[in-house]
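# Topology and contacts: notes
Residues per chain are reported as follows:
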Amino acid sequence: FVQRYAGTVTWFAPGSYRKRPPLQTSVPNLMCAGDLVRMGDREHGSKGLCQERAYVSGLEAANALARNGSLGACTAQHPVIPVRADEPQVVLARSMNKRVMEALKPLGLASPWAR
């Protein structure tokens, strides 16, 4: 027996992205970090909710503090390595999935992969 209660367990519901906190706040020396953070123009290729995204957002938060002078004499920034482009088989699979989803939409099937 499974019950669903919207917004009671996680912030990661579909459509929740714009409700997530930003990396940089209106307080100059206060940053947010974690896999739930919106990183704005510093958005990284690890889009999922994962350890990699949490790690990168921590680096970006520390780099932002170094850039704005909040760390005093410490202005060194840690490089953030960009995610490489998707391999051809991943691009193909995404394209095929998109086509299947578009074909099923008129039939009223939102997703055959998740119920």
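Because the structure is predicted, anything quoted here is derived from the model rather than measured.

How each quantity is defined
Sequence positions are assigned chain by chain, starting from 1 and proceeding in written order. Whole-chain, interface and lining totals are the exception, using all residues; otherwise, since this is a predicted model, local features are given only for residues with pLDDT of at least 70 and side-chain atom pairs are given and counted only at 80 or more. Note that the side-chain values use all heavy atoms of the structure and ignore hydrogens as well as water. To qualify as a helix, a DSSP run of H or I must reach at least 4 residues; to qualify as a strand, a run of E must reach at least 2; elements of each kind are numbered from the N terminus. For a helix, the expected span equals 1.5 Å multiplied by the number of residues minus one. A simple rule labels every residue: compare its accessible area, found with a 1.4 Å probe on the protein chains alone, to the largest value its type can have, and call it buried under 20%, exposed over 50%, or partly exposed in between. Think of a salt bridge as a Lys or Arg side-chain nitrogen and an Asp or Glu carboxyl oxygen that are within 4 Å of each other.

### Some remarks on helix α1 (residues 51–67)
Look at α1: 24 Å from first C-alpha to last across 17 residues, which is about the 24 Å you get at 1.5 Å a residue. Burial in α1 covers these residues: Arg53, Val56, Ser57, Leu59, Glu60, Ala61, Asn63, Ala64, Leu65 and Ala66. Directly after α1, the chain includes Gly69, whose backbone phi takes a positive value near 85°.

### Brief notes about the pattern of salt bridges
Using the criterion set out here, one finds four salt bridges in the structure. Measuring nitrogen to oxygen at the nearest pair gives 2.4 Å for the salt bridge that ties Glu43 to Arg53. One end of the pair, Glu43, is in the segment before α1; the other, Arg53, is in helix α1, and ten residues separate them in sequence. Exposure remark for Glu43: the relative accessible area of 24% places this residue in the partly exposed category. With a relative accessible area of 2%, Arg53 lands in the buried category. With its nearest N and O atoms 3.3 Å apart, the salt bridge here joins Glu87 to Arg84.

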